[in-house]
Amino acid sequence: MRTERYINPDSDGRFYSLNSMVKTDCHDCEGCSACCVGMGTSIFLEPYDLFLLQKKGEMDLDRLLAEHYIELGVRDGIIEPHIRMTQDTDCCPFLNAQGMCSIHAFRPGICRLFPMGRNYDEDGISYIMLKSACPKKNRTKIRLDKWLGVEKPQEYEQYVLAWHDLRKSLSGFLKEADEKQAGELNLYLLRTFFTTKAQTAELFYAEFYEKLERVKKAFGL
């Protein structure tokens, strides 16, 4: 179900783990927001990202959509939310007037990982350094789990892996459905995984895995 390990042409040719020292630390960006501008529809969100944004201040799925922080897009046949760049400046709507992230402690997983990327294979998740992703010079080394800055990084990694595998299975399932059925199923998935009542990471994971088993059973996965 997972993709095989390969060398990304934009990587440094190495594969990293959560315990690896990686040259990513940009000292809080010091006002640089290059990675927050002109990203189009590429910053797709995962269920844990919505959990974090809700912790930020009741910023649930409906409010984020209504206030144009996010919008819905299709990736691998699955409807998912992604950050909506502003129309006037083409930048992330969470940037403040000083060009700094106003939700830094609650930022999405893609933003936490940048300029690293994930690789999925039969051994689980490994990480790659994307050489041309960040223009910042003189970055220093930091341990990857610390760079991610999430509670219980190993548990977070297992959740990411479970979400990835489910998406792969659902993508194949939805390709076989007709347009009406696919739309109904996508709405069900959106409301199931991207809304939460959890107030802590521990409760989020418990809720996520309960939903995961329920959806797998419903879809015969």
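Only a predicted model underlies this, so the values are computations on that prediction, with no experimental measurement involved.

On to empty space enclosed by the protein, then. Unoccupied space between atoms shows up once a probe the size of one water molecule is rolled over them. Taken as a whole, this structure holds 1 cavity of 30 Å³ or more when the rule is applied. Considered as a void within the structure, the largest cavity measures approximately 40 Å³ in volume. Those elements that provide at least two residues to the lining of the largest cavity are β3 (78-83), α5 (153-175) and α6 (179-193). The residue makeup of the lining of the largest cavity, split by class, is 8 nonpolar, no polar and 1 charged.

It is possible for side chains bearing opposite charge to pair when their charged atoms get close. The full count for this structure, using the stated rule, is 12 salt bridges. For Asp 62, the salt bridge goes to Arg 191, with nearest N and O atoms at 2.9 Å. Separated by 129 residues along the polypeptide, Asp 62 in helix α2 (residues 61-66) and Arg 191 in helix α6 bring together distant segments of the chain. By sharing partners, the salt bridges in this structure join Arg 75, Asp 76, Glu 80 and Arg 167 into a single network.

For the rest of this paragraph, the subject is helix α1 (residues 47-57). Burial analysis of α1 places 8 of its 11 residues in the buried class, the great majority of the element. What α1 keeps buried is the set Pro 47, Tyr 48, Asp 49, Leu 50, Phe 51, Leu 52, Leu 53 and Gln 54. Buried positions along α1 lie against α2, β3, α3 (109-113), α5, α6 and α7 (201-219). The positive-phi residue at the C-terminal boundary of α1 is Glu 58, with phi of around 55°.

Conventions adopted
- Residues numbered from 1 in each chain as written.
- Predicted model: local features only at pLDDT ≥ 70, side-chain atom pairs only at ≥ 80, totals over all residues.
- Heavy atoms only, no water.
- 1 Å grid on protein atoms, 1.4 Å probe; cavity = no way out; pocket = protein on both sides within 12 Å on 5 of 7 lines; lining within 4 Å.
- Points joined across faces, edges and corners; volume = space filled by probe spheres on them.
- Helix = DSSP H or I, 4+ residues; strand = E, 2+ residues; numbered from the N terminus.
- Nonpolar A, V, L, I, M, F, W, Y, C, P; charged D, E, K, R; others polar.
- Salt bridge = Lys/Arg side-chain N within 4 Å of Asp/Glu carboxyl O.
- Buried < 20%, exposed > 50% of the residue type's maximum accessible area, 1.4 Å probe, protein only.
- Contact = heavy atoms within 4.5 Å.

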